[in-house]
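Working through the structure, step by step
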Amino acid sequence: MELWQVPLLFSRLPMFPFFDLAHYVASVMALKEQRGAVEVSVQSPVACWFSAMLYCFGGSVLSSLMLAEPPAAFLAKGTNILLASSVWYLVFYCPQDIFYRCFAFLPLRLLVAGMKEVTRTWKITAGVAHADSHFKDAWLVMVAVGWARGAGGGLISNFEQLVRGVWKPETNELLKMSYPVKVTLIGAVLFTLQHSQYLPITRHNLMFLYTVFLVISKVTMMSTRSATSPFAPFEAALGHMFFGLQKTPYKVKGEGAASSNGSSVCDRSSSEQHHDGVKKRQAKKTE
Amino acid sequence: MELWQVPLLFSRLPMFPFFDLAHYVASVMALKEQRGAVEVSVQSPVACWFSAMLYCFGGSVLSSLMLAEPPAAFLAKGTNILLASSVWYLVFYCPQDIFYRCFAFLPLRLLVAGMKEVTRTWKITAGVAHADSHFKDAWLVMVAVGWARGAGGGLISNFEQLVRGVWKPETNELLKMSYPVKVTLIGAVLFTLQHSQYLPITRHNLMFLYTVFLVISKVTMMSTRSATSPFAPFEAALGHMFFGLQKTPYKVKGEGAASSNGSSVCDRSSSEQHHDGVKKRQAKKTE
Amino acid sequence: MELWQVPLLFSRLPMFPFFDLAHYVASVMALKEQRGAVEVSVQSPVACWFSAMLYCFGGSVLSSLMLAEPPAAFLAKGTNILLASSVWYLVFYCPQDIFYRCFAFLPLRLLVAGMKEVTRTWKITAGVAHADSHFKDAWLVMVAVGWARGAGGGLISNFEQLVRGVWKPETNELLKMSYPVKVTLIGAVLFTLQHSQYLPITRHNLMFLYTVFLVISKVTMMSTRSATSPFAPFEAALGHMFFGLQKTPYKVKGEGAASSNGSSVCDRSSSEQHHDGVKKRQAKKTE
């Protein structure tokens, strides 16, 4: 084979079982690191299992809701459920927590995280194609479904938390997009444009390039422990251009969050409140 | 043409584009007047846009959910989305806030509000007919879907607020119906009866009379700034007849609200709490 | 007829109208005993009616949502809605509260509760069969839908409470399963196994035995006012075997609840807080 064939062969890569497994491991470990998740796993394994399934299959649940297909359909994929459930069991109930500890080892963690990002590309393209089969040339629906399929776990986080008895109405992934949700949205737009032949690039090449970007950015962010999204400058520029936002989005955010959260301040831990307080003070200073 | 033809011609009035536009303008302006909405528009344009779409298309989203049709379908109506989005952009991000200010000018505002009410009639009739095509002669479904289509934005307000990071569980449009929701419910019942030939009146005549009533009541209520619904006496009478309520619904409401809100009092601004306190004291007095 | 025919004839027992009626009476009375429900019935009969319908038809609403069928379909069953609505009216608005008082009389209450449990079996089997008609041999879907149909009212309780203006995110039926929800889950598993021919027992025999167990356990629990589920020992054993839980599930629960509720402690009445405090102290003691 020659080099130019790599993207084509890559685009034929089967996700099952290894990449799916990596997705489940990364998702369930992210769940375990949520505040209060371990208590829930002790208090009610059922709620914990359902929460883990929402982490693993949230994308398909959300996208089927949007297209009025059975949201319970993911339960019909027996093998995937079995895999995800065993991962959930090992992560939460493995004696001496061996499984979690071993995958918390940085190199392994980076590998798993990288493989999980690969599945994201596949989910987005699947979502876009699926939406197109329902609504002809409705590009907004394609973007929405591709986004939902790729970042579902994040977008429904409020209701996933509700399963665990946690309710944080003052924030959601639309108010404060996390990096994965942002990059998935961009990916959904790109693949929609490609699907409608507005991009002069073949599907498998775009998949290859986008995945490479996903994996590299994810791995670098994890290894450097930096939370600053590479889009920050573009966002600031766009925000300034179209929405007349000041060049200090973070302060503004602090303000915005503070005022719009006034109604449910009691839902937040004191640490968060203090953090917010700090942000507010900063905002004051900079004005 | 003669006078008796007016209702017929009126019933053939196309909603697109002018009346739809008025609906979008009125809805997005109502959103902007919500507490904390402007902060959200600064903090996260995406959440603000989605919230605005729920204000404009909430009815179709809710009714499609009730009939298990794709709730994302409204995104496929490209032109309407484009119109609504540009209205959203102008209302929230127009330099010097010109757009909002100009439509906040009372006469213009009355015109827009009146035209929005016209679209309500069209939505209700569409909802009733659509439900009938799914369930033959299920008049309760017809009422429910007609109501949802006509007053959707209000009925899902709790979840629309959640998008903006606001959560007020202690109240919803079923607990304390606003006037538009009430009048939409009555309209849904009327058009369902008409659709099942229980009313000795033709469809276009009912549409004409109902719309005239909607527009007049809305315009008078806005120009006189009065919040008292014209149905108040009937409600009191019915409540007394069927549900044995005292003739002092407001005090009772204060009581009910107070006690049933006990669980989430911390979600309300101090001003509201004080207000409620006042209501409680009044209630005490009158007993 | 001979004795061995009893199960077969029993399995042909029609639910409508008497058993359905008992289900409505038991459900609406349970609603009336909820904190703040009476205030809601005074404040807004519409919200109260909708809440009652969710109590009576929650199972069909939830299961249709899971299978992407119109959740509003239950409104099309005119006669059932009429029955349930009249029961709702009599329970909440009957002069001198005669209806409620008469059915609160223990023997009558036991009869109604027993008949309600019979409908549970029918709902579970219907749900399992219905799911099987959608997804061939997807046993997890069958269990889920059977469970949802049989215990729907409980599983959606968070959102049913929201209709009444109450929001208790810190708990749900997955975090702390009530006995009916647990026994319904077990029933759903049993009927799924039977439906997939994994159980060496005929359908009508299983229905008979399961119903007998349901009724007896329910009646004994009500008459002895004991809240301890007969499964407690099995649960403790299973929890110890598979999830390495200590043999003191209640204390553990107290702990878990306390910590995972930290975020929304302000949503609970002081009495509940105190109760929880007690539990916490007990937990401390026992460690």
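Note that residues are indexed from 1 along each chain, following the sequence as it is written. Lettering for chains starts from A, numbering for ligands starts from 1, and both go in the order in which the items are written. Selection of residues for local features in this predicted model requires a pLDDT of at least 70, selection of side-chain atom pairs for listing and counting requires 80 or more, and totals for whole chains, interfaces and linings are taken over all residues. To obtain the side-chain values, all non-hydrogen atoms of the structure were included, while hydrogens and water were left out.

1. Re the overall build of chain A
- Per the secondary structure count, chain A includes 14 helices and 0 strands.
- Numbering goes from the N terminus for both helices and strands, where a helix is a DSSP run of H or I of at least four residues and a strand is a run of E of at least two. Each helix (α) and strand (β) of chain A, taken in turn from the N terminus, gives the series α-α-α-α-α-α-α-α-α-α-α-α-α-α.
- For every residue, the accessible area obtained with a 1.4 Å probe (protein chains only) is divided by the maximum for its type, and the residue is called buried under 20%, exposed over 50%, and partly exposed between those limits. Relative to its 287 residues, chain A shows a buried fraction of 51%.
- Contact between two residues is taken to exist if any of their heavy atoms lie within 4.5 Å; hydrogens are not considered. Here the contacts in chain A between residues at least 6 apart in sequence split such that 72% fall between residues at least 24 apart.
- Only the protein chains shown count as covering a residue, and every accessible area follows the Shrake-Rupley method with a 1.4 Å probe. Carbon and sulfur atoms form 69% of the exposed surface of chain A, whose accessible area is close to 13,100 Å².

2. Some points on the relation of the copies chain A and chain C
- Copies overlap after least-squares fitting; the atoms used are the C-alpha atoms of residues with pLDDT of at least 70 in both. Superposition record for chain A on chain C: RMSD 0.0 Å, screw rotation 120°, translation along axis 0.0 Å. On the angle and the small slide along the axis, the relation comes out as a three-fold axis. Rotation axis and chain A: the residue whose C-alpha lies nearest the axis is A:Ala68, separated from it by 3.3 Å.
- Looking at the interface residues of chain A, only 12% of them are also at the interface in chain C, so each copy uses its own face.

3. Quick look at the relation of the copies chain C and chain B
- Superposing chain C onto chain B takes a rotation of 120° combined with a translation of 0.0 Å along the rotation axis, leaving an RMSD of 0.0 Å.
- Of the interface residues in chain C, just 12% have counterparts in chain B that sit at the interface too, so the contact is made through distinct surfaces.

4. Observations concerning the environment of A:Ser41
All names here are of chain A.
- Topologically, Ser41 is positioned in helix H3 (residues 37–43).
- Given a relative accessible area of 3%, Ser41 falls into the buried group.
- It is 8.4 Å that separates the C-alpha atoms of Ser41 and Tyr93, two residues lying 52 residues apart in sequence.
- Once residues lying within four places of it in the same chain are set aside, the contact partners of Ser41 are Cys48, Phe92 and Tyr93.

5. A short note on the pattern of salt bridges
Residues and elements named next belong to chain C.
- Think of a salt bridge as a Lys or Arg side-chain nitrogen and an Asp or Glu carboxyl oxygen that are within 4 Å of each other. Enumeration over the complete set of coordinates arrives at 18 salt bridges over all chains.
- Across the pair Lys32 and Asp97 runs a salt bridge whose closest N-O atoms are separated by 2.9 Å. Of the two residues, Lys32 is situated in helix H2 (residues 18–32) and Asp97 in the loop between helix H5 (78–93) and helix H6 (98–104); the sequence distance between them amounts to 65 residues.
- Under the relative-accessibility criterion, Lys32 is labelled buried at 12%.

6. Observations regarding the confidence of the model for chain A
All names here are of chain A.
- Per-residue pLDDT for chain A averages 85, and the proportion of residues at 70 or more is 85%.
- Within a predicted model, pLDDT stands for the predictor's per-residue confidence, ranging from 0 to 100. pLDDT under 50 marks residues 248–287. Its contacts with residues more than four places away, or in other chains, come to 58 contacts.
- Across the predicted assembly, pTM comes out at 0.86 and ipTM at 0.84.

7. Overview of the interface of chain A and chain C
- Facing 32 residues of chain A, the contacting portion of chain C comprises 33 residues.
- Carbon and sulfur atoms supply 72% of the area that chain A and chain C bury against each other, a total of about 2,600 Å² over both sides.
- There are 0 salt bridges connecting chain A and chain C.
- Polar contact is the term for a pair of N or O atoms within 3.5 Å; when the atoms are in protein, one must be able to donate a hydrogen and the other to accept it, and sequence-neighboring residues count only if both atoms are side-chain atoms. On inspection of chain A and its partner chain C, the count reaches 5 residue pairs in polar contact (both at pLDDT 80 or more).
- Taken together, the elements giving at least two residues each to the side of chain A that touches chain C come down to H3, helix H4 (45–66), helix H5 (78–93) and helix H9 (157–163) of chain A. Two parts placed together each lose some accessible area under a 1.4 Å probe, and adding up what both lose gives the buried area.

8. Some remarks on the interface of chain C and chain B
- Each side of the interface is counted separately: chain C has 32 residues, and chain B has 33 residues.
- Scanning the region where chain C abuts chain B turns up 0 salt bridges.
- Counting across the chain C and chain B interface gives 5 residue pairs in polar contact (both at pLDDT 80 or more).
- Of all the secondary-structure elements, those providing two or more residues to the side of chain C that touches chain B are helix H3 (37–43), helix H4 (45–66), H5 and helix H9 (157–163) of chain C.
- Its residues placed into classes, the side of chain C that touches chain B shows 23 nonpolar, 3 polar and 6 charged. Under the grouping applied here, Gly and all other residues not named as nonpolar or charged are polar, the nonpolar ones being Ala, Val, Leu, Ile, Met, Phe, Trp, Tyr, Cys and Pro and the charged ones Asp, Glu, Lys and Arg.

9. Structural notes on the packing of aromatic side chains
- Classification of ring pairs rests on two measures: the distance between centres of Phe, Tyr or Trp rings, Trp counted by its six-membered ring, which must be within 6.5 Å, and the angle between planes, read as stacked under 30 degrees, edge-to-face over 60 and tilted in between. Applying the stated criterion across every chain yields a total of 51 aromatic pairs over all chains.
- Residues B:Phe10 and B:Phe208 carry aromatic rings whose centres are separated by 5.4 Å and whose planes lie at 80° to one another, so their mutual orientation is edge-to-face. Of the two residues, B:Phe10 sits in helix H1 (residues 6–11) while B:Phe208 sits in helix H11 (residues 203–223), which places them 198 residues apart along the sequence.
- Note on C:Phe10 and C:Trp122: the rings are 5.3 Å apart at their centroids and 80° apart in plane angle, and the pair reads as edge-to-face. Of the two residues, C:Phe10 sits in helix H1 (residues 6–11) while C:Trp122 sits in helix H7 (residues 106–134), which places them 112 residues apart along the sequence.
- By relative accessible area, which is 15% here, C:Trp122 ends up buried.

10. A look at H11(B)
Residues and elements named next belong to chain B.
- Here the expected length of a helix is defined as 1.5 Å per residue gap, with one fewer gap than residues. Taking 1.5 Å per residue as the helical rise, H11 with its 21 residues ought to reach 30 Å, and the 30 Å between its terminal C-alpha atoms agrees with that figure.
- Tucked into the core, H11 has its buried residues touching H1, helix H7 (106–134) and helix H10 (179–195).
- Phi turns positive one or two residues past the end of H11, at Arg225, with a value near 50°.

11. Focus on a nonpolar patch on the surface
- For patch detection, residues must exceed 30% relative accessible area and be free of salt bridges, and they are connected within 9 Å for like charges or within 5 Å for nonpolar side chains (Val, Leu, Ile, Met, Phe, Trp, Tyr). Taken together, the side chains of A:Leu238, A:Met241, A:Phe242, B:Tyr89 and B:Leu90 define a hydrophobic patch exposed on the protein surface, amounting to about 460 Å² of accessible area.
- Among the elements of the structure, helix H12 (232–243) of chain A together with helix H5 (78–93) of chain B are those that each provide at least two residues to the nonpolar patch.
- Within the element layout of this structure, B:Tyr89 appears in helix H5.

12. A short note on the packing of H2(C) against H5(C)
Residue and element names in this part refer to chain C.
- Here an axis means a line fitted to C-alpha atoms, over the contact stretch when the element is a helix, while the angle between two N-to-C directions is reported on a 0 to 180 degree scale. It is the contact of H2 with H5, at a shortest axis distance of 9 Å, that shows an interaxial angle of 40°. On the basis of their axis angle, the class for H2 and H5 is oblique. Between H2 and H5 lies a crossing whose hand is right-handed. The residues of H5 that touch H2, namely those facing Asp20, Leu21, Tyr24, Val25, Val28, Met29, Leu31 and Lys32, are Asn80, Leu83, Ala84, Val87, Trp88, Val91 and Phe92.
- Tallied by class, residues from the contact of H2 with H5 come to 12 nonpolar, 1 polar and 2 charged. These descriptions rest on fixed angle ranges, namely under 35 degrees for roughly parallel, over 145 for roughly antiparallel, 65 to 115 for roughly perpendicular, and the rest for oblique. Crossing chirality is assigned from the near helix's rotation relative to the far helix, an anticlockwise turn below a right angle marking it left-handed and a clockwise turn marking it right-handed.

13. Things to note about unusual backbone geometry
- Here the bond from A:Phe16 into A:Pro17 is cis, since omega is 0°, no more than 30 degrees from zero.
- Inspection of the secondary structure assignment puts A:Pro17 in the loop between helix H1 (6–11) and helix H2 (18–32).
- Here B:Asp97, not a glycine, exhibits a phi torsion of approximately 60°, which is positive.
- Note on B:Asp97: relative accessible area 22%, which makes it partly exposed.

14. Here we look at H4(C)
- Taking the largest bend as the criterion, H4(C) deviates by roughly 75°, centred on C:Phe57.
- For H4(C), the tally of buried residues reaches 16 of 22 residues, placing the bulk of the element in the interior. Note that the bend at a residue is defined as the angle between axes fitted to the seven residues ending at it and the seven residues starting at it.

15. A word on the side chain of C:Asp132
- As for its placement among the helices and strands, C:Asp132 is situated in helix H7.
- Filtering out sequence-adjacent residues up to four positions away, C:Asp132 remains in contact with C:Asp137, C:Met142 and C:His195.

16. Re the state of the cysteines
Residues and elements named next belong to chain B.
- Put simply, a disulfide is two cysteine sulfurs that come within 2.5 Å. For the structure on display, the rule yields 0 disulfides over all chains.
- The thiol of Cys56 is unpaired, and the distance to the nearest cysteine sulfur, on Cys48, comes to 11 Å.
- Here Cys102 stays free of any disulfide, with the sulfur of Cys94 as its closest cysteine sulfur at 8.9 Å.

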